[in-house]
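Fold and contact review
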Amino acid sequence: PFETITLGGDDLCIIVPAQGALEMAAGMMREFAQAAETEPRIREPLQRLKHQHWGMSVGALICPDHFPIYYIYELVEELLKSSKRQMRKAILDEGADVAESYINFLILKGSAIPRTAVKDLMKDLYETRSHSRLEEKQKLTERPYPLSKFEKLLQYARRLKQEGMPPTQLHAIARALYEEREQATFDLMMRLQRMPNSCAKVFRELLFDKTLFPGNQRYLFPWRQDADNQNKFSTVLLDIFELMEFLHHL
């Protein structure tokens, strides 16, 4: 079931059940990319463009159903704009040959309606600062994500859920990520020794995934150091844990 809010031009805004919503968004992005390659009605107009950069930008919000539609729409618009900015950055700054689709998402579980912008919400929820190194910043998300990376996160979230990742371990690791970076790493490694082998195997594969940990960054697991600022570190683990809750029922 779904409810269409807006549909016109190149914009689409729909409301769907939270369970499976982010997987559905990834599916739409994937189908758009495939259609742009194979569907003549889409491919031919794109080929006539001066700059053949195209992609689908997505903003996804999971929230309680009592939130007002106008407020939901405002948050989704902000998420969408951040996805568009990241896609543009990938083309202009990073020299991507083809623009990959990008998605940004936000999960709000509380019953109270936040009175702040998405940028400030994300900062409050996912950014910490080291007490021992005042310049060092830790970001517990890497959103917005290109489709290839987002699908990797969904894949690991699905596997951890299928392997029966114990909720107590999940919550403990999530809490530890808000601690000092070295302490969070130590806690994770300690818990990896205690969790079921099937779950630990998924984490080990994640460690060697070059999409998520390029180059020689594996030694920082679960962190990734910013290429432009060595005092900035980020992790995808919390995003994987949040995605687990809203997968299709397995």
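Up top you'll find the structure we're talking about.
These lines cover the structure that appears in this document, whether it is placed above or below. It should be emphasised that the depicted structure is a prediction, and the values quoted were computed from it without experimental measurement. (Residues numbered from 1 in each chain as written. Predicted model: local features only at pLDDT ≥ 70, side-chain atom pairs only at ≥ 80, totals over all residues. Heavy atoms only, no water.)

Our focus in this paragraph is the side chain of lysine 149. Its location among the elements puts lysine 149 in helix H5 (residues 147-162). Residues within four places of lysine 149 in sequence aside, it is in contact with Glu142, Thr211, Leu212 and Arg224. (Helix = DSSP H or I, 4+ residues; strand = E, 2+ residues; numbered from the N terminus. Contact = heavy atoms within 4.5 Å.)

In the structure shown here, the tally under the stated rule is four aromatic pairs. With 6.0 Å between their ring centres and 70 degrees between their planes, phenylalanine 67 and tyrosine 71 make a pair best called edge-to-face. Among the residues examined, tyrosine 71 registers a relative accessible area of 8% and is labelled buried. Measuring from centroid to centroid gives 6.5 Å for phenylalanine 203 and phenylalanine 241, while their planes differ by 70 degrees, and the two rings are edge-to-face. Of this pair, phenylalanine 203 sits in helix H8 (residues 197-207) while phenylalanine 241 sits in helix H9 (residues 237-245), and the two are 38 residues apart along the sequence. Residue phenylalanine 203 is classed as buried on the basis of its relative accessible area of 2%. For phenylalanine 241, a relative accessible area of 7% translates into the label buried. Here the basic side chain of arginine 143 rests over the ring of phenylalanine 105, its NZ or CZ set 3.9 Å away from the ring centre. If you follow arginine 181 out to its NZ or CZ, it ends over the ring of phenylalanine 233, 3.9 Å from the centre. (Phe/Tyr/Trp six-rings, centres within 6.5 Å; stacked < 30°, edge-to-face > 60°. Buried < 20%, exposed > 50% of the residue type's maximum accessible area, 1.4 Å probe, protein only. Lys NZ or Arg CZ within 6 Å of the ring centre and 35° of its normal.)

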